[in-house]
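Below, each chain spelled out in residue letters.
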Amino acid sequence: RPLDINIELPDEQSAQKLKIGIYFATWWALNVVFNIYNKKVLNAFPYPWLTSTLSLACGSLMMLVSWASRIAEAPKTDLDFWKTLFPVAVAHTIGHVAATVSMSKVAVSFTHIIKSGEPAFSVLVSRFFLGETFPLPVYLSLLPIIGGCALAAVTELNFNMIGFMGAMISNLAFVFRNIFSKKGMKGKSVSGMNYYACLSMMSLLILTPFAIAVEGPKMWAAGWENAVSQIGPNFVWWVVAQSVFYHLYNQVSYMSLDQISPLTFSIGNTMKRISVIVASIIIFHTPVQPVNALGAAIAILGTFLYSQVSIQSLVV
Ligand code: 3PG
């Protein structure tokens, strides 16, 4: 018997590693495509409240169709599930719209450099709102994250306060979303994919009235006409692409969250940002000064140091 276990375990482990590797590669690739189309759409049609709403609407529709056609099994939920989901959805909505507003004002790479500071927000929120304490190396690892983000921000050629604040608000909101989702997914019977589907639907209901109040159909109609006259009828496919890829990358990320610890997830998320930053700088020819790139590199290095000391002190 023990011999059987010895023979089977390495196979199972490598299959699991391969599965997570495929999830991660798919998640990053989908995210890069989303970020490119999202920015192309925002450049021609600067209405981030509508584009954020459309991404949630598209994901919700895709999941409703999958459930109705039995491609995916619909989850069995009760009132308690939706009540627990509500704070997660509020945080997801704020984080999503704030990141999109940010990307409508600044380069995609800048938004993601600031968003690589998310672990710092996570530690500060846990410390000051939840009263958790951390070992000294964890606090020290925040210094390069905060310092690197600050250096990148002050040397950003196209700095914009709304763009900066949007990314900061998104960081704060997503930390709360992750804390609430961890609680909501504990002992759950709903899979990662369906959990994210329900989250999209609730966020859509929350965001729609705000999008109408902030921007509204009049602005959208005029902006749409302008975008179509600049880009041509293909513009609609850009909007479809940003919406579909937004749902897909989030769905895959929630599916991988099912398999791994939140810490491994956050390391994966930082590596995702590196691919987005590099791809968007190349595609949009974003001007980068050496000192600006240095700030980004320090911030990302800080995130890796944070993950290392967190693993050692088991901060998960
Ligand atoms: C959004 O629009 O929700 C953001 O682009 C999300 O950013 P993240 O998933 O990379 O944190």
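Residues numbered from 1 in each chain as written. Predicted model: local features only at pLDDT ≥ 70, side-chain atom pairs only at ≥ 80, totals over all residues.

Points about the overall build of the protein
Working step 1: Summing up its helical and strand segments, the protein has 12 helices and zero strands in all.
Working step 2: Each helix and strand of the protein, placed in order from N terminus to C terminus, yields the pattern α-α-α-α-α-α-α-α-α-α-α-α.
Working step 3: The C-alpha radius of gyration computed for the protein amounts to 20 Å, which stays within 12% of the reference 20 Å derived for 316 residues, consistent with globular compactness.
Working step 4: Overall, the protein is about 70 × 55 × 40 Å in size when its C-alpha atoms are taken along their principal axes.
Working step 5: Here the protein holds 316 residues, and 42% of them are scored as buried.
Working step 6: Relative to all contacts within the protein whose residues are 6 or more apart in sequence, the contacts with residues 24 or more apart total 92%. (Helix = DSSP H or I, 4+ residues; strand = E, 2+ residues; numbered from the N terminus. Rg over C-alpha atoms; globule rule 2.2 N^0.38 Å. Buried ≥ 20, exposed ≤ 12 C-beta atoms within 10 Å, placed from the backbone. Contact = placed C-beta atoms within 7 Å.)

As for the nonpolar core
Nonpolar side chains in soluble globular proteins tend to be buried together.
Working step 1: If you look at the biggest cluster of nonpolar residues, it comprises 71 residues, and the most contacted ones within it are Ile-113 and Tyr-249.
Working step 2: Residues contacting Tyr-249, with those up to four places away along its chain left out, are Trp-27, Leu-30, Asn-31 and Phe-34. (Core = buried A, V, L, I, M, F, W, Y, C linked by C-beta atoms within 7 Å.)

Considerations on the UniProt feature "transmembrane region" (unreviewed entry) in the protein
Working step 1: Cross-referencing UniProt, the feature "transmembrane region" (unreviewed entry) maps to residues 20-37, 49-68, 136-155, 161-180, 192-211 and 231-249 in the present numbering.
Working step 2: Note that residues 136-155 is 95% helix and 0% strand, and that its end C-alpha atoms are spaced 29 Å apart.
Working step 3: Structurally, residues 192-211 is divided into 100% helix and 0% strand, and its ends, taken at the C-alpha atoms, are 27 Å apart. (UniProt positions renumbered as here; feature names shortened; annotations may be inferred.)

Re the site of the ligand
Working step 1: Neighbouring the ligand are Gly-95, His-96, Ala-99, Thr-100, Lys-115 and Phe-174.
Working step 2: Broken down by element, the residue count for the shell around the ligand peaks at four residues, all from helix α3 (residues 79-105).
Working step 3: Tallied by class, the residues present in the shell around the ligand amount to two nonpolar, three polar and one charged. (Near = placed C-beta within 6 Å. Nonpolar A, V, L, I, M, F, W, Y, C, P; charged D, E, K, R; others polar.)

Some details on helix α8 (residues 192-214)
Working step 1: Taking 1.5 Å of rise per residue, 23 residues should cover 33 Å, and α8 covers 32 Å from first to last C-alpha, within 8% of that figure.
Working step 2: Of all the bends in α8, the largest measures some 30 degrees and sits at Leu-207, one to four residues before the proline Pro-209.
Working step 3: Residues of α8 that are buried: Asn-194, Tyr-195, Tyr-196, Ala-197, Cys-198, Leu-199, Ser-200, Ser-203, Leu-204, Leu-207 and Ala-211.
Working step 4: Following α8 by one or two positions, Gly-216 adopts a phi angle in the positive range, close to 90 degrees. (Expected span 1.5 Å × (residues − 1). Bend = angle between axes of the 7 residues up to and from the residue.)

Let's talk about unusual backbone geometry
Working step 1: Residue Arg-70 is not a glycine yet carries a positive backbone phi of 65 degrees.
Working step 2: Counting through the fold element by element, Arg-70 comes out in the loop between α2 (48-68) and α3.
Working step 3: Note on Arg-70: 8 C-beta atoms within 10 Å, which makes it exposed.
Working step 4: Phi is positive for His-285, which is not a glycine, with a value near 50 degrees.
Working step 5: When you line up the elements, His-285 lands in the loop between α11 (262-283) and α12 (290-312).
Working step 6: Owing to 8 C-beta atoms within 10 Å, His-285 belongs among the exposed residues under this scheme.

Some words on the environment of Leu-56
Working step 1: Examined against the element boundaries, Leu-56 turns out to sit in helix α2.
Working step 2: Judged by the 29 C-beta atoms lying within 10 Å of it, Leu-56 falls in the buried class.
Working step 3: Along the primary structure Leu-56 and Thr-93 are separated by 37 residues, whereas in three dimensions their C-alpha atoms are 9.2 Å apart.
Working step 4: If sequence neighbours within four positions are ignored, Leu-56 has contacts with Ser-200, Ser-203, Leu-204 and Leu-207.

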